[in-house]
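Each chain, written out:
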Amino acid sequence: MNIPFSPPYIDQDIINEVNDSLNSGWITTGPKVKALEEEIKKLTKVPQALCVNSWTSGAILMLKWFGIGPGDEVIIPAYTYSATALSVLQCGAKPIMVDITDDFTIDVIKIKAAITSNTKVIMPVDIAGWPCDYAAINELVQNKDIVAVFKPNHKNQEKLGRILVISDAAHSIGAKVNEIETGLLTDITIFSLHAVKNVTTAEGGVICINLPNSFNNEEEYAYLRMMTLNGQTKDAFTKSKAGGWRYDIIDLGLKINMPDVCAAIGLAQIKKYDRNLLLERKRVFYQYSQAFSNYNWAITPPQDTETIQSSYHLYALRITDISESERDLIIDEIAKTGVAVNVHFIPMPMLTLFKNLGYKMEDYPNTYKNYACEISLPIYPQLTEEQVKYIVSSVVNSYQAVKLNVTNS
Ligand SMILES: *Cc1c(COP(=O)(O)O)cnc(C)c1O
């Protein structure tokens, strides 16, 4: 049986919505993007949602908006997809990596130890769709001793008066803490709508703007929207209207807007997300957890509690007492059965760019420990119960073949 890792969810409603965009005579940023932003506001209850062409470009935009540049430090976990750090490097600032805890999220004690007078932003990552400890992180940035060392050097830094929290919620759309959706848990939250994410526009991202009272979220949305369009006062849709030709360029923006034809995919998906697609992911997640609870070598990922609900983006299985090379051999065995699995993530200090910048794996022991024994299993709405059973037995047989020298069949 061949089981892909993460095929996109495409049904007739999605095809209809894309066709509607194609047939409308307007394919770039316009009514579909607006409708998608409205659906995201409805789902997450955030004051403002701004669609862009990727998580990465959205993060660069928000760091620039906060005046981040050379000399500034942004605290991130060592365990994440590289885009978290790359967005910081693109602004000329320094990513300060810290270690994680055993639920894969950034260690708040390590954040505290890493804060200096150059710290401007913290970017926690909701790995696998499991929200970070935002109560602790928000308390930390508002702590008076921490506020006292904050040195603003930009108008938005002065207006906020403390470290900004930008949540890397690339995985966690629809996750909740105390019934509050991701998007509302921090100042800024960015979702990714990349092809492998829970909701997709092929490529895309959404910036949720939830700034405190010293800011007007609606005005910031209008400004940021313009900054996604080269700092141009009118978008192409407005300019295309009769008599609407005149515009101005008022600031140095980026060109990172989302096209309508892409937004249409996400629009059709998000309409069935919380009542259908997310529940199907949850079904697969719990079928795995149930099955693996029978094996004492399997560490199942954190499960929903009274207060925390995941978005079940990844099923990050860990295996006790194996080395990194044994994990790799297990993956090779699994691949022979036609099941595509993955590893989330190769820690950034193991990648060439970051090694060359001086980051060292031995500084993040818990990141390495969790990476070395991790295997991400397929999780998506289209997976049947039978396929999940097949994946479980593939993993079990592969573990036994590598670790116990047992060969089944
Ligand atoms: C996918 C991902 C990103 C990047 O998203 P893009 O939309 O591809 O730019 C950032 N952070 C994490 C944790 C991701 O998994």
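### A look at the sheet that holds strand β13 (residues 374-377)
So, point 1. Judged by pairing direction, the sheet is antiparallel, and its 3 strands sit side by side in the order β10-β12-β13 without closing on themselves. In this open sheet, the two strands that pair with only one neighbour each are β10 (298-299) and β13.
So, point 2. As paired elements, β10 and strand β12 (residues 315-319) share 2 bridges and run antiparallel to each other. Each residue of the ladder has a partner; that of I299, found in β12, is R318.
So, point 3. On the sheet, helix α12 (residues 273-292) packs against β10, β12 and β13 and is oriented at approximately 15 degrees with respect to β12.

### Quick look at the domain arrangement of the protein
So, point 1. Once the domains are mapped, the protein shows domain 1 (12-270) and domain 2 (274-408).
So, point 2. Computed over C-alpha atoms only, the centres of domain 1 and domain 2 are separated by 27 Å.
So, point 3. In this complex, domain 1 contributes 39 residues to the contact, which on the side of domain 2 involves 37 residues.
So, point 4. At the boundary of domain 1 with domain 2, total buried surface from both sides reaches about 3,100 Å², with 61% on carbon and sulfur atoms.
So, point 5. Considering only the surface of domain 1 that becomes buried against domain 2, Y79, M97 and W130 emerge as the three largest contributors, covering 22% of it.

### Quick notes on the site of the ligand
So, point 1. In the vicinity of the ligand there are 15 residues, among which T56, D168, H171, S192 and K197 approach most closely.
So, point 2. At a separation of 2.6 Å, an oxygen atom of the ligand approaches a polar side-chain atom of T56.
So, point 3. Side-chain polar atom of D168 to a nitrogen atom of the ligand: 2.8 Å apart, as the coordinates give it.
So, point 4. In isolation the ligand offers 380 Å² of accessible surface; the protein chains occlude 92% of this area.
So, point 5. In the shell around the ligand, the residues fall into 6 nonpolar, 7 polar and 2 charged.

### Focus: the pattern of salt bridges
So, point 1. Tallying each qualifying case throughout the model produces 21 salt bridges.
So, point 2. Linking E17 and K271 is a salt bridge whose minimum nitrogen-to-oxygen distance equals 3.8 Å. Residue E17 is located in helix α1 (residues 12-23), and its partner K271 is located in the loop between α11 (260-270) and α12; the two are separated by 254 residues in the primary sequence.
So, point 3. Taking the relative accessible area as the measure of exposure, E17 reaches 15% and is therefore buried.
So, point 4. One network of salt bridges, with partners in common, ties together E17, D20, K32 and K271.

### Structural notes on the pairing of strand β1 (residues 48-52)
So, point 1. A large share of β1 lies buried, amounting to 5 of its 5 residues.
So, point 2. On β1, burial covers both faces: Q48, L50 and V52 on one face and A49 and C51 on the other are all buried.
So, point 3. Direction of pairing for β1 relative to strand β9 (residues 205-209): antiparallel, over a ladder of 5 bridges. Within β9, the position partnered with L50 by the bridge is I207.

### Concerning the pairing of β9
So, point 1. The element β9 is largely enclosed, with a buried count of 5 among its 5 residues.
So, point 2. Pairing of strand β8 (residues 188-192) with β9 involves 5 bridges; the strand directions are antiparallel. Each residue of the ladder has a partner; that of S192, found in β9, is G205.

### Observations concerning the sheet that holds strand β4 (residues 119-122)
So, point 1. Strand order in this open sheet of 7 strands is β1-β9-β8-β5-β4-β2-β3, and the pairing throughout is mixed. Each edge of the open sheet carries a strand with a single partner, namely β1 and β3 (94-98). With strand direction ignored, the average angle separating the axes of adjacent strands in the sheet is 25 degrees.
So, point 2. Those strands touched by helix α3 (residues 55-65) are β1, β2 (73-77), β4, β5 (164-168), β8 and β9, and its axis lies near 160 degrees from that of β8.

### Details of the packing of aromatic side chains
Remark: the centre distance and the inter-plane angle together describe each pair of aromatic rings, the angle taken between the planes.
So, point 1. A full pass over the atoms with the stated rule returns 17 aromatic pairs.
So, point 2. Note on W26 and F237: the rings are 5.1 Å apart at their centroids and 75 degrees apart in plane angle, and the pair reads as edge-to-face. Of the two residues, W26 is situated in the loop between α1 and α2 (31-44) and F237 in helix α10 (residues 236-239); the sequence distance between them amounts to 211 residues.
So, point 3. Given a relative accessible area of 18%, W26 falls into the buried group.
So, point 4. Summarising the aromatic geometry, the rings of W65 and F215 are spaced 5.5 Å apart at their centres and angled 45 degrees between planes, so their arrangement reads as tilted. Residue W65 is found in helix α3, and its partner F215 is found in the loop between β9 and α9 (217-227); the two are separated by 150 residues along the sequence.
So, point 5. By relative accessible area, which is 6% here, F215 ends up buried.
So, point 6. Taken together, the ring pairs in this structure connect F285, Y286, Y288, F292, Y295, W297, Y312, Y315 and Y399 into an aromatic cluster.
So, point 7. Residue placement shows K241 over the ring face of F237; its charged tip is 3.6 Å from the ring centre.
So, point 8. Its guanidinium or amino end placed over the ring of Y371, R327 lies 4.6 Å from that ring's centre, counting from NZ or CZ.

Criteria and cut-off values
Residues numbered from 1 in each chain as written. Predicted model: local features only at pLDDT ≥ 70, side-chain atom pairs only at ≥ 80, totals over all residues. Heavy atoms only, no water. Pairing = 2+ DSSP bridges. Helix = DSSP H or I, 4+ residues; strand = E, 2+ residues; numbered from the N terminus. Contact = heavy atoms within 4.5 Å. Axes fitted to C-alpha atoms, helices over the stretch in contact; angles between N-to-C directions. Domains from an automatic or database assignment. Buried area = accessible area lost by both parts, 1.4 Å probe. Near = heavy atom within 4 Å. Polar contact = N/O pair within 3.5 Å; in protein donor to acceptor, adjacent residues only side chain to side chain. Areas by Shrake-Rupley, 256 points an atom, 1.4 Å probe, with all protein chains shown as cover. Nonpolar A, V, L, I, M, F, W, Y, C, P; charged D, E, K, R; others polar. Salt bridge = Lys/Arg side-chain N within 4 Å of Asp/Glu carboxyl O. Buried < 20%, exposed > 50% of the residue type's maximum accessible area, 1.4 Å probe, protein only. Phe/Tyr/Trp six-rings, centres within 6.5 Å; stacked < 30°, edge-to-face > 60°. Lys NZ or Arg CZ within 6 Å of the ring centre and 35° of its normal.

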